[in-house]
Amino acid sequence: MSNLSLIIEERAASIGSFLVGRLLPFAQKRAVGPFVFIDHMGPVQLDKGQNLDVPPHPHIGLSTLTFLFEGSILHKDSLGTSVEVKPGEVNWMTAGKGVVHSERTPDYLRKVDKKLHGLQIWVALPKNLEQMPPSFSHISADEIPAWEQNGVQMKLIAGKGFGRKSPVPTYSDLYFLEIKSSKETTLNIGDDLFGESALYILSGEISSEGNTYGPKQLLVAKDSKICTFTIGENSTVYLFGGEPFPEERFIEWNFVSSDKELIKAAKLKWLNQTFPKVSGETDFVPLPQKGKF
């Protein structure tokens, strides 16, 4: 019997000036473990004067994870943070009861040609921490556990597994893993996984149970404990998942919560512009008329 319960094709979605490839949420699969939202951003070539500009916008009830393959993003938030995230680094922002942030091309890159490519991820918080104080962490590339296993390069970007733990301050049991191959290799890693599990193919291919899958496909496993696949030569995949929460998570616009009343209150708060401000920013993203995914 196949271990695949679902194959999700990357779908185009707009984030304003840019189109991204949306992976989660999906009609038949709203979350994988605590992961409730994943966008594949780019790759895009930005010419002189063409820049990423996402004005201040709010979040509640989640942690955001930004991981870039190419390019650079300047993150500013209502906690007073102003930090540039570069390829291989992690920006981890926990919204909790509420935070506001902007994402822009840094000043020194705004008048030159550049590329942008990466993943934007939302991880829901446990119910008892949905209203925790907001926080921000930046983890450098050399802090992330990296090793070679069975001839492939592994990197534990967030969470725990394989006898290792990432310094990213997560609040539930999860894993977010990068796997890169230089040659075709068969991996049997189910014993190191737990909860729900999914695999995203960024480049190259994988094969499993007689079938081959290529870039921009998200494969959701029926049982993470029997996760076996062959990764093709010069391929890069991302494996993520963890223990699911017992309660459903609702998503409306940028707000995530197990309680619809908290989302309703957050929407009113943003309409009234009573969220904390981002220093140096004057514009903001208006609340859309239809905010559901």
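**Q** Could you clarify how one ought to interpret the overall build of the protein in this entry?
**A** When its secondary structure is counted, the protein shows one helix and 25 strands. Counting over 293 residues, the protein shows a buried share of 56%. Relative to all contacts within the protein whose residues are 6 or more apart in sequence, the contacts with residues 24 or more apart total 71%. When the accessible area of the protein is evaluated, it comes to approximately 13,000 Å², of which 50% is carbon and sulfur surface.

**Q** In this structure, what is going on with the pairing of strand 14 (residues 152-161)? I would like to understand it.
**A** Both faces of the sheet carry side chains from a regular strand, because those side chains alternate between them. For strand 14, a buried count of seven out of 10 residues is recorded, marking the element as mostly surrounded by other parts of the structure. Linking two consecutive strands that pair antiparallel, namely strand 13 (residues 146-149) and strand 14, is a turn of two residues; a positive phi of about 55 degrees is found at Asn150 within it. By the bridge criterion, seven bridges tie strand 14 to strand 16 (residues 174-181) in an arrangement that is antiparallel. Note on strand 16: the bridge partner recorded for Gln153 is Lys180. As judged from the two bridges shared by strand 14 and strand 15 (residues 164-165), these two strands associate in the antiparallel manner. Residue pairing in the sheet places Gly161 in a bridge with Arg164 of strand 15. Count of turn residues in the strand 14/strand 15 antiparallel hairpin: two residues, of which Phe162 carries a positive phi of about 55 degrees.

**Q** What am I meant to see in unusual backbone geometry here?
**A** If a residue is not glycine, its phi is most likely negative; likewise, a peptide bond is most likely trans. The step from Gly42 to Pro43 runs through a cis peptide bond, and the omega angle for that step is 0 degrees. Tracing the backbone shows Pro43 in strand 4 (residues 35-46).

**Q** Explain the environment of Glu233 here, please?
**A** By the element assignment, Glu233 lies in the loop between strand 22 (228-231) and strand 23 (236-242). By relative accessible area, Glu233 is classed as exposed at 56%. On a C-alpha basis, the gap between Glu233 and Glu205 in space is 7.9 Å, while along the polypeptide they are 28 residues apart. Not counting residues within four places of it along the chain, the set of residues in contact with Glu233 comprises Ser181, Ser182, Lys183 and Glu184.

**Q** Honestly, the nonpolar core in this entry has me stumped. Any pointers?
**A** Within soluble globular proteins, side chains that are nonpolar generally end up buried alongside one another. Residues Leu65, Val90, Leu119, Ile121, Phe176, Tyr238 and Phe240 are the most contacted members of the largest nonpolar core, which totals 25 residues. Ranked by size, the runner-up nonpolar core spans 22 residues in total, among them Met154, Tyr175, Ile231 and Val237.

**Q** Quick question: what am I supposed to make of the pattern of salt bridges here?
**A** Pairing of side chains with opposite charge becomes possible as their charged atoms draw close. As enumerated under the stated definition, the model contains nine salt bridges in all. The partner of Lys160 in a salt bridge is Asp173, with the nearest N and O atoms 3.2 Å apart. Of this pair, Lys160 sits in strand 14 while Asp173 sits in the loop between strand 15 and strand 16, placing them 13 residues apart in sequence. Look at Lys160 and you get partly exposed, because its relative accessible area is 36%. Within this structure, Asp53, Arg104, Arg110, Glu281 and Asp283 form a network of salt bridges that share partners.

**Q** Just to check I follow, could you spell out the sheet that holds strand 17 (residues 185-188) for this structure?
**A** Strand order in the open sheet made by the four strands is 17-22-19-20, with antiparallel pairing throughout. Each edge of the open sheet carries a strand with a single partner, namely strand 17 and strand 20 (211-213). Direction aside, neighbouring strands of the sheet carry axes that sit 30 degrees apart on average. As defined by bridge partners, strand 19 (residues 206-208) adjoins strand 22 across two bridges and the pair is classed as antiparallel. The residue of strand 22 that forms the bridge with Ile206 is Ile231.

**Q** How should I be thinking about the sheet that holds strand 8 (residues 82-85) in this particular structure?
**A** To summarise the sheet geometry, strands pair through backbone hydrogen bonds and adopt either a parallel or an antiparallel arrangement. Strand order across the open sheet formed by four strands is 5-10-7-8, with antiparallel pairing between neighbours. The open sheet has two edge strands, strand 5 (53-59) and strand 8, and neither has a second partner. Across the sheet, the mean angle separating the axes of adjacent strands is 20 degrees when strand polarity is ignored. Summarising the sheet, strand 7 (residues 73-77) and strand 10 (residues 99-104) pair through four bridges and their orientation is antiparallel. Pairing of Asp77 across the sheet is with His101, part of strand 10.

So, how was this worked out
- Residues numbered from 1 in each chain as written.
- Predicted model: local features only at pLDDT ≥ 70, side-chain atom pairs only at ≥ 80, totals over all residues.
- Heavy atoms only, no water.
- Helix = DSSP H or I, 4+ residues; strand = E, 2+ residues; numbered from the N terminus.
- Buried < 20%, exposed > 50% of the residue type's maximum accessible area, 1.4 Å probe, protein only.
- Contact = heavy atoms within 4.5 Å.
- Areas by Shrake-Rupley, 256 points an atom, 1.4 Å probe, with all protein chains shown as cover.
- Pairing = 2+ DSSP bridges.
- Core = buried A, V, L, I, M, F, W, Y, C linked by side-chain atoms within 4.5 Å.
- Salt bridge = Lys/Arg side-chain N within 4 Å of Asp/Glu carboxyl O.
- Axes fitted to C-alpha atoms, helices over the stretch in contact; angles between N-to-C directions.

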